Each structure stands twice: as structure tokens, then as C-alpha cells.
Amino acid sequence: MKKLFISLLAVAALASCAKEDVIVADPGELIAFNSFVENSTRAAEDPSYGQNGQPLEAFKVWGTVNGGNGLVSIFSGANVTGTVGTDASGKPNVWTCDVKQYWIKDAKYKFAALVNAPTTANAITITNGLPTEVKGFVADGETDLLYAKNCGTNDEGIVGLASGNGPVNFNFEHLLSKVKFTVENTSVDAEQYSFKVNNIVINGYKTGNVTLATKAWDTLSNSGDYEVAEITVDANETAGTHKAECAQELLLIPGVFNIAFNVDIYNGDTKLGSQAYPIDPAPAAYTQTLKPGYAYNFVINVKVGEEITFSVDENPSWTPAA
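Below or above, wherever it landed, is the structure these notes cover.

With that settled, consider the overall build of the chain. A tally of regular secondary structure across the chain gives zero helices and 23 strands. Of all 322 residues assigned to the chain, the portion counted as buried reaches 43%. When the accessible surface of the chain is summed, it comes to about 17,100 Å², and 49% of that surface belongs to carbon and sulfur atoms.

In C-alpha cells form, the structure reads like this:
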């Protein structure tokens, strides 16, 4: 069987009890929220939040205000629910927060939000009233982790108006990497040959801390395997490339990952052989470094070798009788 190879395509994926706390005796306009999630093109089943994945319907919000007498926390992980986008008139959908706060004219506000951050004690580092680090996030391959902030122009704060304050808009970013696998049968004329790619394993760290401002991950631990379901690519019925994709994409902590898989080759219903990749002794592993906010498609190209051909050097001859 002809040696197979992996190519990488990187696509920017450029995701308490209800109560009212009134901070002025004569409250101004209610502080409301609106959100958007950056997304990448969907192919296999996409467990991430985004237009082509799962709908974002909730997040937790932190917020501060400085009216001239120092910084005051007004939201501290409050729950916000709603629908991404705009209403029928084109206005931003206003989400519902379980804690109500109000705008003060000329005061400066800063906000940040998280989706699916751990809820354990001290899992979220708070600096000046806003989250700056998520610690101990455990990636299960299916759970997205999103972050957004809105601190006004140049992070100087949103200035409150006496009236006409719009909802605080969040543009969420993905803190994880997204991975899928595609198998391409590039055999043009070998119409009876098909392939099964199985035992697909991507190995890397499953737990880590992330600094929100830079999306940098550290303190990585708990190395382990993520398994991908078998991918079958049928024989080419017509000239060209036949493709098949994994059933579901994976959401992983960014970093270095090793990839291994096995390829079975069939002629009709008959299995002809099997080959594990990487091939021992070299390369030792297919290694890729994943970046936060990027979606990766690992393409496994499969192809039969050269066609078996025949030749005849000479015409048959007779030996004359003595």
C-alpha cells in the first residue's frame, strides 16, 4: 500500500438568588446585554457554540462601575439568558439577567463574561472585579469554553448616559481548539477499492489554566487519549476524490497533540491488508500544535499504489524439430 500522509488546514474561528440591586435612589436605565459568538464552518457534528454549532443561550457576567469614588462590583457571576442576534426589527435581542443594575450618567463601566467555566471554589481568578484567569478546566472533547469582555474604547470603560444606553454587547471568543478528521480516497481509477480508518487517537493534555487576556494556557496536566469513531471512505464510482468525515468534532485544550490511526484497505468486501500509522520506527508520531480559537481539519489521504501492469518481451516461438 502506498504510504499515506496527513495535511493540516487551520481555519480561524474568528465563543445566586434573583434579586434587584439598585445603585442609585432614582435608578436610570436598566443595564442589559446582547451577545455574539465567533464561529467556523461546520462539517461534522459540531459541539461548539456558534451559528453552525450549538446555540448559545446563557453566560455568566461580571461588571464594575466607577462613578468617581472608586471601583464597585455590580455583577459577580450573575446568570444571563437569551437568544443570540437581533429581533424582527433588526434591534439587538436583549438578554435577561438575574441581577438588575442601572446606568449612572458619566460613570464608567467594565464587563466580562464566561461560558462553561468551572464552578469549583477559586476556579476563576478575579482582578479588579473582572475574571482574568480560569483554572482547572477539564476538556472532555464536547464542552466549549468562551470568554468575552466589553470595557469600552481602549479599555477605558463604557460611559453611562442619562438615556439611550444600548445593551452591553459581547462578542465571545473560543478559548479551546476544535479538531475534526477527514479521509480522502484519491484513487481515480481503482473503483473497487475502499478504506476504513480506525483506531484514530489524538493524545494530549486534558486539564489546564488559561489567562483570559491572552488566551494562553499553562499548568497543563492529565495527559490522555481522545478517540475518534471509525471513518469509512467508499470506492470512487467516478473519477475524482471521494471524502468522508468523522461523526463529531472535538474541543481540546490548545497545545501539542500526537495523532495515530490505522488504515484497512478493501477490494469489494474482501479485506486486503492493514497498516498502522505512524509507521515504526519513523516518524515517531504525527505531532501538531493546536492554537486557541482555531478549527483544524486533519486530512488523511488514502490511495492504492500503482496499477499492476503486464508486459511481453517477445513473441512466442517454436523449436524446429531435428
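Having seen it, we continue.
Reported here for the largest pocket is a volume of approximately 350 Å³. Lining the largest pocket are twelve residues, and of these Ala 190, Val 304, Gly 305, Glu 306 and Glu 307 lie nearest its centre. When its residues are assigned to classes, the lining of the largest pocket shows five nonpolar, three polar and four charged. Empty space within the second largest pocket amounts to approximately 250 Å³. Elements with a contribution of two residues or more to the lining of the second largest pocket: strand E8 (108-115), strand E10 (130-138) and strand E11 (146-150). For the lining of the second largest pocket, the per-class residue count stands at eight nonpolar, four polar and three charged.

Pairs may arise between side chains of opposite charge once their charged atoms sit close together. Within this structure, the stated rule accounts for seven salt bridges. Asp 46 is paired through a salt bridge with Lys 178; the nearest N and O atoms lie 2.6 Å apart. One end of the pair, Asp 46, is in the loop between strand E3 (33-37) and strand E4 (58-66); the other, Lys 178, is in strand E14 (residues 177-185), and 132 residues separate them in sequence. One exposure class covers both Asp 46 and Lys 178, and it is buried. As a salt-bridge pair, Asp 106 and Lys 105 come within 3.0 Å of each other at their nearest N and O atoms. The pair formed by Asp 106 and Lys 105 is uniform in burial state, with each residue classed as exposed. Residues joined by salt bridges that share partners form a network here, namely Asp 46, Lys 178 and Glu 249.

Further remarks concern the environment of Asn 185. Within the secondary structure layout, Asn 185 lies in strand E14. On the accessibility criterion, Asn 185 (0% relative accessible area) is buried. In this structure the C-alpha to C-alpha distance between Asn 185 and Ala 235, which are 50 residues apart in sequence, comes to 7.4 Å. From its side chain, Asn 185 meets the backbone oxygen of Tyr 193 in a polar contact 3.5 Å long. Among the polar contacts listed, one links the side chain of Asn 185 to the backbone oxygen of Asp 234, at a separation of 3.2 Å.

Glancing now at the packing of aromatic side chains. How two aromatic rings sit relative to each other is set out by the distance from centre to centre and by the angle between their planes. Evaluation of the coordinates by the stated rule reveals 14 aromatic pairs. Relative to Tyr 286, the ring of Phe 261 lies with its centre 5.9 Å away and its plane at 10°, an arrangement referred to as stacked. Highlighted residues: Phe 261 in strand E20 (residues 255-267) and Tyr 286 in strand E22 (residues 286-290), separated in sequence by 25 residues. Residue Phe 261 is classed as buried on the basis of its relative accessible area, which comes to 2%. Each member of the aromatic cluster is reached from another via a ring pair, and the members are Phe 59, Trp 95, Phe 170 and Phe 172. The cationic tip of Lys 291 hangs over the ring face of Tyr 294; the distance from NZ or CZ to the ring centre is 4.2 Å.

Here the focus is the pairing of E20. Strand direction decides the pairing type here: strand E15 (residues 193-211) and E20, joined by nine bridges, are antiparallel. When the bridges of E20 are listed, Ile 202 appears paired with Ile 259. With five bridges connecting them, E20 and E22 associate as antiparallel partners. Along E22, the bridge assignment pairs Val 256 with Thr 289.

Residue Tyr 277 is joined to Pro 278 through a cis peptide bond whose omega torsion reads 0°. Tracing the backbone shows Pro 278 in the loop between strand E21 (270-277) and E22. Here Asn 122, not a glycine, exhibits a phi torsion of approximately 65°, which is positive. Note on placement: Asn 122 falls in the loop between E8 and strand E9 (124-127). Its identity is not glycine, yet Asn 199 carries a phi of approximately 50°, on the positive side.

Below, the discussion takes up the pairing of E8. Taken residue by residue, a regular strand's side chains alternate between the two faces of the sheet. Most of E8 sits out of view: six of its eight residues are buried. One ladder, built from seven bridges, connects E4 with E8; its direction is antiparallel. Among the inter-strand pairings, Val 61 is bridged to a residue of E8, identified as Ala 113. Pairing between E8 and strand E12 (residues 158-159): two bridges, direction antiparallel.

Rules of the game
Residues numbered from 1 in each chain as written. Predicted model: local features only at pLDDT ≥ 70, side-chain atom pairs only at ≥ 80, totals over all residues. Heavy atoms only, no water. Helix = DSSP H or I, 4+ residues; strand = E, 2+ residues; numbered from the N terminus. Buried < 20%, exposed > 50% of the residue type's maximum accessible area, 1.4 Å probe, protein only. Areas by Shrake-Rupley, 256 points an atom, 1.4 Å probe, with all protein chains shown as cover. 1 Å grid on protein atoms, 1.4 Å probe; cavity = no way out; pocket = protein on both sides within 12 Å on 5 of 7 lines; lining within 4 Å. Points joined across faces, edges and corners; volume = space filled by probe spheres on them. Nonpolar A, V, L, I, M, F, W, Y, C, P; charged D, E, K, R; others polar. Salt bridge = Lys/Arg side-chain N within 4 Å of Asp/Glu carboxyl O. Polar contact = N/O pair within 3.5 Å; in protein donor to acceptor, adjacent residues only side chain to side chain. Phe/Tyr/Trp six-rings, centres within 6.5 Å; stacked < 30°, edge-to-face > 60°. Lys NZ or Arg CZ within 6 Å of the ring centre and 35° of its normal. Pairing = 2+ DSSP bridges.

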